[in-house]
Amino acid sequence: MTTPEGQGRLDAGTLAGRAREQGLKAFAAGRFDIARRAFADALRFGPEVPFHRLALGTAEALGGQTGPAIATLLDVLGSRPDKAIETQAALTLFALTMRWRLPAEAFSPEQIATVAACLARDDFDPQPLGLVALEIVRARTPMARAYEILRREGPAAAAAWAVSSKGRKAATDRLFLGFLSRAVNVDAETETFLIALRAALAALPHVELKDRHARELGVALVSQCLANEYAWPVSEAERRALAKPPADPDARALLAMLYPSDAHLRDAEALQRLAKGANEPLKGLILGRVREIREERRLAAEIESLAPLTDASSALVARHYEENPYPRWRGQIVAQPGVAAFGLGAQAPPPWKILVAGTGTGRQALAVAAFAGPESEVVGLDLSRASLAYAKRMARHCGLERVRFVQGDLLDVARLGLTFDRIEAVGVLHHMKEPLEGWRRLAACVAPGGVIKIGLYSQAARPAIEAARRLIAERGLAPTPEGIREARRLILAAPPGDALRGVQAFADFYALSEARDLLFHPIEHRFDIPAIRAALETLGLVFDGFELPEEILRGFRISHPAAEAERDLTLWQAWEAAHPETFAGMYVFQARRA
Ligand SMILES: C[S@@+](CC[C@H](N)C(=O)[O-])C[C@H]1O[C@@H](n2cnc3c(N)ncnc32)[C@H](O)[C@@H]1O
């Protein structure tokens, strides 16, 4: 707020209060530029009020100032605000950092410390902050040297440096270890380095595995491998290095956990035996995995069934997800009632009845439940009991046990005997033999005035995936851990300019179950906008708009400022033709009954 004439004598508190009022009004009117300036004034004139800084960061984010928004929101988290403010700051920050990379120089030392501290927290989603941490590691920590060597001499040389007595200390930088042990790497260059790093550790003389730094690095790599389900290929040289296990039980456990067999990894009893020889924190890590396996086994038995699967295609898809539940997410749901993150805001107020069809491992259903509040009823339906057991485990972890998980085919949804204010099926219908039939059965369960949210693959956004599926078919690769690792190895090694390299841009490429879903699905349909329009017409549904990142919507609105333009599929078709990456994730949209 610029101080107008005659206001010079007003005290700072009054000025800050007025700036706050002005900011809130500007927010309500969608004038984020004015809101941003007003809240900056409130902070300048008044004391440090966490709400003011949160409002400033939110206005920056909504006004398209991504860099400043990330910095401001990190400052909010660093100031240890109350839970509600922290949650809102984290939600906005995480959404931004999943899509934007800021140069590492943009962060102050205090902000870097906040990244490291938040990354270690069990109640935050580690993935978005892990990506920020990696940027900082690459440019601002002693590990930057490994990346220089990597680019100059290749991954083996970089890894040899990192496990040498000189490099080890750099490699056990807090941020790098935090990244490795909490997030899943989704960067191709870093993966080549990490694969080589694991191999270099395996090739060390056994006595060196007792060295503190080598061991810390090894344990962090075990965490990384557990999170990506051992998606990395294993070379012959590594197999040879492993032929003689170390005599020391802890070093033996470390190597065994860096290179377990696929069967071993799912065997709670074998893992528990291995944990006996391990010291902390490796022991805790192994026992954590043992607990997860046992808990999911127990929870799977408790899940109610809708009806036996009779459709052959559904049974085929069920087998895929029984073996590889998707997605294998970790961390926490940070949404809370009142945080408008899921396009629910436009409906009548809660409580709602919501169905998440094809809920998978539950992230979507739990996030919706957190938003919809305790009075709402949320049902998660899925073919795969293993996926639902994962979902139930995560529901307990997130304190959201009120979600009802049901195993069954969405073709049988009428058997639930319920209608819903909202039905979501994201990433599901395109895996059915007849997507339209599935869609029809779901639409029949939408209550009057209710909405349906659908997510479908876009033909235009997936040429790289098509190239990978062709490669997999040509090579006859099976959807087994070995087959998936081999496909990933070939894609990682694809030369510049090869269409396959486009796959490296998909986060799902970097973990085993996710890569299977991305590249090896037994049924995959792709859609375009005319096909979506035709389906909506057939089903008597009215298109209500796409869910897209704010910056894409902003670009669309600049070209098409009329309010109703966002519901015009013809305009979107032209937009996608000009911007084929728009729906790289999926077409995610809402519709309601005509
Ligand atoms: C790619 S996952 C998506 C999971 C979740 N919607 C998400 O976005 O995180 C697809 C899920 O749909 C489920 N699914 C596929 N066909 C289904 C059907 N006919 N009935 C119920 N679930 C189905 C699968 O079992 C799988 O868990």
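None of these values were measured; they are calculated from a predicted model. (Residues numbered from 1 in each chain as written. Predicted model: local features only at pLDDT ≥ 70, side-chain atom pairs only at ≥ 80, totals over all residues.)

Some points on unusual backbone geometry
Point 1. Between Glu280 and the following residue, Pro281, the backbone shows a cis peptide bond with an omega angle of 0°.
Point 2. With omega at -15°, the peptide bond leading from Tyr326 into Pro327 counts as cis.
Point 3. Looking at the secondary structure, you find Pro327 in the loop between α19 (312-323) and β2 (353-357).
Point 4. The backbone of Arg80 sits at a positive phi, close to 50°, despite the residue not being glycine.
Point 5. Along the chain, Arg80 falls in the loop between α4 (66-78) and α5 (83-99).
Point 6. Even without being a glycine, Tyr230 presents a positive backbone phi close to 55°.
Point 7. Position of Tyr230 among the secondary structure elements: in the loop between α13 (212-228) and α14 (236-242).
Point 8. When the 21 C-beta atoms within 10 Å are taken as the criterion, Tyr230 is described as buried. (Helix = DSSP H or I, 4+ residues; strand = E, 2+ residues; numbered from the N terminus. Buried ≥ 20, exposed ≤ 12 C-beta atoms within 10 Å, placed from the backbone.)

Considerations on the site of the ligand
Point 1. Lining the immediate surroundings of the ligand are 26 residues, of which Tyr321, Gly358, Gly360, Leu410 and Gly427 lie closest.
Point 2. Secondary-structure elements contributing two or more residues to the shell around the ligand are α19, α20 (363-372) and β3 (377-382).
Point 3. Classifying every residue of the shell around the ligand gives twelve nonpolar, ten polar and four charged. (Near = placed C-beta within 6 Å. Nonpolar A, V, L, I, M, F, W, Y, C, P; charged D, E, K, R; others polar.)

Overview of the sheet that holds strand β1 (residues 304-305)
Point 1. Sheet architecture is open: eight strands sit in the order β1-β4-β3-β2-β5-β6-β8-β7, paired in mixed fashion. At either end of the open sheet lies a strand with only one pairing partner, and these are β1 and β7 (541-546).
Point 2. Taken together, the five bridges between β7 and strand β8 (residues 587-593) define a ladder with antiparallel strand orientation. Bridge pairing in β8 links Leu541 to Arg593.
Point 3. Along the sheet, helix α26 (residues 529-539) contacts β6 (446-456), β7 and β8; its crossing angle with β7, the most-contacted strand, is approximately 140°. (Pairing = 2+ DSSP bridges. Contact = placed C-beta atoms within 7 Å. Axes fitted to C-alpha atoms, helices over the stretch in contact; angles between N-to-C directions.)

Let's talk about the environment of Arg440
Point 1. With respect to the helices and strands, Arg440 occurs in helix α22 (residues 435-443).
Point 2. For the pair formed by Arg440 and Leu539, sequence separation is 99 residues and the distance between their alpha carbons is 6.4 Å.

Section: the environment of Thr66
Point 1. Residue placement: Thr66 occurs in helix α4.
Point 2. Linking Thr66 and Thr97, residues 31 residues apart in sequence, is a C-alpha distance of 9.0 Å.
Point 3. In this structure, Thr66 is in contact with Ala61, Leu96 and Trp100, ignoring residues within four places of it in sequence.

Quick notes on the confidence of the model for the chain
Point 1. Taken over all residues, the pLDDT of the chain has a mean of 91, while the share at 70 or more is 95%.
Point 2. The low-confidence segment residues 1-6 (pLDDT under 50) makes eight contacts with residues lying over four places distant or belonging to another chain.
Point 3. Low confidence marks residues 336-345, where pLDDT is under 50. Its contacts with residues over four positions away, or in another chain, come to 21 contacts. (pLDDT = per-residue confidence, 0-100.)

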